Every structure is written in C-alpha cells, then in structure tokens.
Amino acid sequence: MSGIIKVEGNIEFYYEDSGTNGLDPSDYTTMVFIHGMGFNGSVFRRMFPFGPSHNYRLISLYRRGYAPSTPWTEAEIALYKSTDAEDGKKHLRLAGLQIARFLLQFAISQTIPKYNEERKIGGIHLVGWSLGTLYLQAILANLDGLATDELRVLEGYLRTILYFDTFSGVFAIHPPKPLGMDESYLTLPEQERWAYFNEYVRGFFAHRNRLSRDIADIEFGNFRTDKPLSLDDVTAEELEKMTSFEMYRTHDIGTIIMPPEALSSANRRALFDVEMAKYLPKVKIRFMCGTEGAGEFIYIMHELEKCLNEGPSAVFGDGAERARDFQFTYLERGNHFVFWDEPCWALEQLKECVEG
C-alpha cells in the first residue's frame, strides 16, 4: 500500500504503508521510517510482512526530492547551498517542521490509535536511518515552530525517536584522520564516487572489538570481501528503483556539508537544550547501530555516550545539558542494511529498543 500526505499547501509526501490487515484498527502501534542518503523508502519494505505479528503498522516516508514526494524549490535549495550558517538553520527548520506536520496529518487522516500510557501501546515511534537521522534533529530542534494546538496533538502520538546508524556528518563529530571513509573517493568522478559509496554502505566490516570503546579496534575503511554485500540479491534494475543518484549528488551531500555551525546548533537544540526539551517532554531518545557496519556508525555512538557521560558542554558549548531520556543499543550483528538482510529479527530489535 502507499499514500500521499499534503502539508503546507502544495507540498506532498509519498509514503509506503504495511497497512492494517491483521491489526485491531483501534489498538496498534505505528512505526515511521525516514530513509538515508541515496536510497529511498523502499529499503524498509522487507519488514512490512512482519508488522502484524508485533501489532505494528509500518510507514516508510519518502523525503522531499525522492519521487513521488515533492521536489525542493530553487529558493529552498539555495538555503542549504549557502555558506551562511543562518541559511542552513532555516533549511533544517523548514525540513523538520514539514516532517512534523506529515506525522500530524498522517495520524489525524488515518485515525491511528493514540499512545496509551498505561498499556504502552499505540502512538508513533519515529526511526531515522543514516542521513535520515539529520531530519530527526531538524524536528526536535524546531518544535517551537509548531502551533500550540499542533504540539498538543503531536504529544498524544509521538513517543520515541530512534537514531539508527547515524553517522559523523550529522553531528559534525568526525573520526580523526586518516580514519573514516577514505576521503580520496571525493576526488573521483561523480558516477565512480556513487558506485564506491553504494558498496561501502552495503558492506560488512570485521571489527577487532566492537564494544571496547578503543578506536583502534574499529575498522573504518575496508569492508569484507568474503561476504556478499547487502542487497546483493536484487537485480541492477531493482537497485536503481531503490536509489537516486541525483539526490545523492545534490541535496544529500549538500546538507551534510552545510556550515558546521548549522548542524551543531540543531544538535544542541534537539538533544541538549533543557528549554527545548519542554516541548514534547515525554519523547524518548534512542540510538542503535549494527555492529558489522562501517566503523563510523559505532564511533559516533561511542562519542555520543562519552559526551553524555562527561558533559555535553565540552562538545556543544556552555550550557549544553543532557535534556532528554537517552539509551544506546548495539546489535549483536548486522550492518547498515540489517533490516533488509534479516527483516524479522531487525524489526524485533527495533521494537524492543523503542519500547524500552
């Protein structure tokens, strides 16, 4: 199933939907996914058949620019291309408020069950994956842009925000050089760069010790050649339908090379600002990563845990505080596409994480 939600005039978000077959229409939980860089929302489809066994309805949002969702306008593109951090902040505010309103309109138009505090059922758990985690930041950092009645309605639904395999660009916390993705790939022609990225994110990495918190124990650059890449079972034509080279090379790369001040501001307001946390104060923050993906997904988890334990002000400036309920989960296996490789097991892990 699929549908369209219109927000703010002519802006439309396309979504795929596991539907309500097998669910009690008055008593189920909704999980909404925001996809990452270059790959559209179809990557989550393999989990859809397992939703009913967990009493979950699964929704995969297609971000703007990923057809059939509405493209970005030239004026909006100019904001993220700008070297002025204030323009970057405006772009993130725009993007965050639009997705927040998608959640509102979807909940109302589909009459999904509200969250039941006593039974811990219903409502919405929002999952951002990879670059999709940037849009979680954009939502949380700009809740003050919603009207009072919008916040009141959203508070009845939204309960958990899960960052799945976030990466260093989102938090502007980068592994020390020469670790991290081999930056020489940035000098490649665009098509070759896209091909390299496609393999890198779908690969499996052999880490010496994934949980030691020692950066020397994490493999950043070289994925295993003795194990097939994720999505290796789809044809080239199918893979092309799941991806967008154009969005990868323009909007997606453009947003992560915005002025770092724009990203840092969003990070602080989203997670480390006590005043901002008064908006939707019951929302829980969860971080999760597979432990066979690229080292930077594990590295950023370690760095964020360290930041929370030692005090966020060291990274995000004076006055930054632990403002929300945080938990970190390291999966025992799985890479960046674990939800494709092991959809039943991955959904079980996501459910356990958001409900914990």
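Presented here is an overview of the structure given in this document. Not measured: the values here are computed from a predicted model.

1. Observations regarding the overall build of the chain
No. 1: Assigned secondary structure in the chain consists of 13 helices and eight strands.
No. 2: Relative to the compact-globule value of 21 Å for 356 residues, the chain shows a C-alpha radius of gyration of 19 Å, a close match.
No. 3: Each principal axis of the C-alpha atoms in the chain carries an extent, and together these give about 50 × 45 × 45 Å.
No. 4: Taking all 356 residues of the chain together, the buried fraction comes to 58%.

2. Quick look at the pattern of salt bridges
Any two side chains of opposite charge can pair, so long as their charged atoms come close to each other.
No. 1: Enumeration according to the criterion identifies 24 salt bridges in this entry.
No. 2: With its nearest N and O atoms 3.2 Å apart, the salt bridge here joins Glu355 to Lys351. Pair noted here: Glu355 and Lys351 are both in helix H13 (residues 343-355), with a separation of four residues, about one helical turn.
No. 3: Judged by its relative accessible area of 37%, Glu355 is partly exposed.
No. 4: Through salt bridges with shared partners, a single network forms among Glu8, Arg101 and Glu150.

3. Considering the layout of surface pockets
No. 1: Looking at the second largest pocket, its volume works out to about 170 Å³.
No. 2: As for the second largest pocket, its lining consists of Trp194, Asn198, Arg202, Ala236, Leu239, Glu240, Thr243, Ser244 and Phe245.
No. 3: Listing elements by their share of the lining of the second largest pocket, those giving two or more residues are helix H6 (190-202) and helix H7 (236-241).

4. Re the packing of helix H1 (residues 74-81) against helix H2 (residues 85-109)
No. 1: Running from N to C, H1 and H2 point in directions that differ by 125°, and their axes come no closer than 7 Å. The angle between the axes of H1 and H2 places the two elements in the oblique class. Remark: the crossing between H1 and H2 carries left-handed chirality. Counted together, Glu76, Leu79 and Tyr80 of H1 and Asp87, Gly88, Lys90, His91, Leu94 and Gln98 of H2 form the full contact between these two elements.
No. 2: When the residues that make up the contact of H1 with H2 are grouped by side-chain class, the tally is three nonpolar, three polar and three charged.

5. Quick notes on the sheet that holds strand E1 (residues 2-7)
No. 1: Taken together, eight strands build an open sheet; the order of strands is E1-E2-E4-E3-E5-E6-E7-E8 and the sheet is mixed. The open sheet has two edge strands with one neighbour each: E1 and strand E8 (325-330). In this sheet, neighbouring strand axes are inclined to one another by 25° on average, regardless of whether the strands run parallel or antiparallel.
No. 2: Here three bridges tie strand E2 (residues 11-17) to strand E4 (residues 56-61), and the two strands are oriented antiparallel to one another. Within the sheet, the bridge partner assigned to Tyr15 lies in E4 and is Leu61.

6. What to know about the packing of aromatic side chains
No. 1: Within this structure, the stated rule accounts for 30 aromatic pairs.
No. 2: Ring geometry for Phe44 against Phe339: centres 4.9 Å apart, planes inclined by 40°, an arrangement best described as tilted. With Phe44 in the loop between strand E3 (29-34) and E4 and Phe339 in helix H12 (residues 338-341), this residue pair connects regions lying 295 residues apart in the sequence. The pair Phe44 / Phe339 is uniform in exposure class, with both members buried.
No. 3: Relative to Phe339, the ring of Trp129 lies with its centre 5.2 Å away and its plane at 90°, an arrangement referred to as edge-to-face. Remark: Phe339 occurs in helix H12 and Trp129 occurs in strand E5 (residues 124-129); sequence separation between them is 210 residues. An identical accessibility class is assigned to Trp129 and Phe339; each is buried.
No. 4: Three or more aromatic residues link up through ring pairs in this structure, and these residues are Phe33, Phe39, Phe44, Trp129, Phe164, Trp194, Phe197, Phe245, Tyr248, Phe337 and Phe339.
No. 5: In this structure, Arg64 is placed above the aromatic ring of Trp72, and the distance from its NZ or CZ to the ring centre is 4.1 Å.
No. 6: The ring centre of Phe204 lies 4.1 Å from the NZ or CZ of Lys227, which sits over that ring.

7. Let's talk about the packing of H6 against helix H8 (residues 245-256)
No. 1: Contact geometry for H6 and H8: axes closest at 10 Å, N-to-C directions at 90°. Relative to H8, H6 is oriented roughly perpendicular. Of the residues in H8, those in contact with Glu190, Gln191, Arg193, Trp194 and Phe197 of H6 are Phe245, Tyr248, Arg249 and Ile253.
No. 2: Of the residues in the contact of H6 with H8, the class split is five nonpolar, one polar and three charged.

8. Quick notes on H8
No. 1: The end-to-end C-alpha distance of H8, which contains twelve residues, comes to 16 Å, matching closely the 16 Å that a straight helix rising 1.5 Å per residue would cover.
No. 2: Regarding H8, the residues found buried are Met247, Tyr248, His251, Asp252, Ile253, Gly254 and Thr255.
No. 3: Taken together, the buried residues of H8 touch H1, H2, helix H3 (132-140), H6 and helix H9 (260-271).

9. A closer look at the pairing of strand E6 (residues 158-164)
No. 1: Across the seven residues of E6, seven count as buried, placing the element largely inside the fold.
No. 2: Note that E6 and strand E7 (residues 284-289) share five bridges and pair parallel. Bridge pairing links Tyr163 to Phe287 in E7.

10. A look at the pairing of E7
No. 1: Within E7, six of the six residues are buried, which leaves the element mostly enclosed by the surrounding structure.
No. 2: Of the two faces of E7, both are covered, the one formed by Lys284, Arg286 and Met288 as well as the one formed by Ile285, Phe287 and Cys289.
No. 3: In terms of strand pairing, E7 meets E8 through six bridges, oriented parallel. Residue pairing in the sheet places Phe287 in a bridge with Phe328 of E8.

Rules and cut-offs
Residues numbered from 1 in each chain as written. Predicted model: local features only at pLDDT ≥ 70, side-chain atom pairs only at ≥ 80, totals over all residues. Heavy atoms only, no water. Helix = DSSP H or I, 4+ residues; strand = E, 2+ residues; numbered from the N terminus. Rg over C-alpha atoms; globule rule 2.2 N^0.38 Å. Buried < 20%, exposed > 50% of the residue type's maximum accessible area, 1.4 Å probe, protein only. Salt bridge = Lys/Arg side-chain N within 4 Å of Asp/Glu carboxyl O. 1 Å grid on protein atoms, 1.4 Å probe; cavity = no way out; pocket = protein on both sides within 12 Å on 5 of 7 lines; lining within 4 Å. Points joined across faces, edges and corners; volume = space filled by probe spheres on them. Axes fitted to C-alpha atoms, helices over the stretch in contact; angles between N-to-C directions. Parallel < 35°, antiparallel > 145°, perpendicular 65-115°, else oblique. Left-handed = near helix turned anticlockwise from the far one by under 90°. Contact = heavy atoms within 4.5 Å. Nonpolar A, V, L, I, M, F, W, Y, C, P; charged D, E, K, R; others polar. Pairing = 2+ DSSP bridges. Phe/Tyr/Trp six-rings, centres within 6.5 Å; stacked < 30°, edge-to-face > 60°. Lys NZ or Arg CZ within 6 Å of the ring centre and 35° of its normal. Expected span 1.5 Å × (residues − 1).

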